[in-house]
Amino acid sequence: MRWRGIVPGVPETITIEPRFNGPPDSGNGGYTCGRLAQFVDAETAEVTLRLPPPVGKALEVVRGDDGAVLLRDGDRLIAEARPTELSAEAPTPVDATEAAIASEDSPFLDEASHPFPTCFVCGPLREPADGLRIFSGPVAERDVYAAPWTPDPGLGDTLAPELVWAALDCPTSVPVANDPDDADFRPIVLARLATRILGPVTTGHPHTIVSWPIAIDGRKRHAGAALYTDAGELLAVSRALWIELKPVTT
């Protein structure tokens, strides 16, 4: 993202509107990261989430001398963004038919097991014109996951950067998530997200999103995602770190 100019004497703030939630009372991680990334003076940014982003209130943007940009709620550090490098490489695209078949097996469609069924990005309880409704599922005979997605024209002619970040958030969880049917199931939460936007994303046109596992290191889960046009042009890539929550002790 390229740096936004500073207006002297005017505090910089971000407000995450309640519509853009992940959990019911906090902002979607990818959307929040994308909002903060736009204050970073670099083509590509990586954002680390420290606390659940509050919705419906102004959060202060604080610039550091080292190029970092912090998002604060009073004394609480919500997120931190920095310049990073991310190669424009991804698995080969999945065609629309394969993506549609994969999406039918998406774990996001199970309202009973979905941890946040009203999530702006992957919530099955969101209406088509309200949420993004991206439901990634396994692609047959490939170690990738995919979803078809036609961005709603109500989001504007071209998607804002934060919406591209949002679209590439939840799909990265599917390849590295734990099975909710396991007796010792523990959910994972987004800890860090880097995204590089390579071209404009036009609403009203079909796209596909492909996601894949990168590595699992204990409670750390690394995964990637890519956004393609229906013709297979790569428009954006992301790299995510998810953390498995520790077991609850009594």
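Preceding this paragraph is the structure being described.
To start, this report covers the structure provided alongside it. One numbering rule holds for all chains: residues counted from 1, following each sequence as written. At least 70 in pLDDT is required for a residue's local features to be given in this predicted model, at least 80 for side-chain atom pairs to be given and counted, and no such filter applies to totals for whole chains, interfaces and linings, which use all residues. To obtain the side-chain values, all non-hydrogen atoms of the structure were used and water was disregarded.

## Points about the overall build of the protein chain
Along the protein chain, the regular secondary structure elements total three helices and eleven strands. Helical segments are the DSSP runs of H or I of at least four residues, strand segments are the runs of E of at least two, and each set is numbered from the N terminus. When its helices and strands are written in sequence order, the protein chain yields β-α-β-β-β-β-α-β-β-α-β-β-β-β. In this setup the radius of gyration rests on C-alpha atoms only. A globule is expected at 2.2 Å times the number of residues raised to 0.38. In terms of overall size, the protein chain behaves like a compact globule, its C-alpha atoms giving a radius of gyration of 17 Å where 250 residues would be expected to give roughly 18 Å. Residues are treated as being in contact if the distance between any of their heavy atoms lies within 4.5 Å. Look at the contacts in the protein chain between residues 6 or more apart in sequence, and 69% of them connect residues 24 or more apart. In summary, the charge assignment counts Lys and Arg as positive and Asp and Glu as negative, without counting His or the chain termini. All charge positions are set by atom: Lys at NZ, Arg at CZ, Asp at CG, Glu at CD. With 21 positive and 36 negative side-chain charges, the protein chain shows a spacing of 8 Å between the two charge centroids.

## Overview of unusual backbone geometry
Despite not being glycine, R133 shows a phi value in the positive range, around 55°. If you trace the backbone, R133 turns up in the loop between α2 (96–103) and β6 (137–138). You will see that E141, though not glycine, has its phi angle at about 65°, which is positive. Note on placement: E141 falls in the loop between β6 and β7 (145–149).

## Some remarks on the sheet that holds β6
Across the sheet, eleven strands lie side by side as β1-β3-β4-β5-β2-β8-β11-β10-β9-β7-β6; this open sheet has antiparallel pairing. Taken across any chain shown, the strands that pair with only one partner, and hence form the sheet edges, are β1 (13–15) and β6. Here, any two strands with at least 2 DSSP bridges between them count as paired. Where strand β2 (residues 45–49) lies against strand β5 (residues 76–83), five bridges are found, and the strand directions are antiparallel. By the bridge assignment for β5, T48 is matched with E80. Fitted lines through C-alpha atoms give the axes, limited to the stretch in contact for helices. The angle between two N-to-C directions lies from 0 to 180 degrees. Sheet contacts for helix α1 (residues 29–37): β1, β2, β3 (58–63), β4 (69–73), β5 and β8 (188–197); angle to β2, the most-contacted strand, approximately 130°. The sheet strands contacting α2 are β6, β7 and β9 (207–217), and the helix crosses β7 at an angle near 110°.

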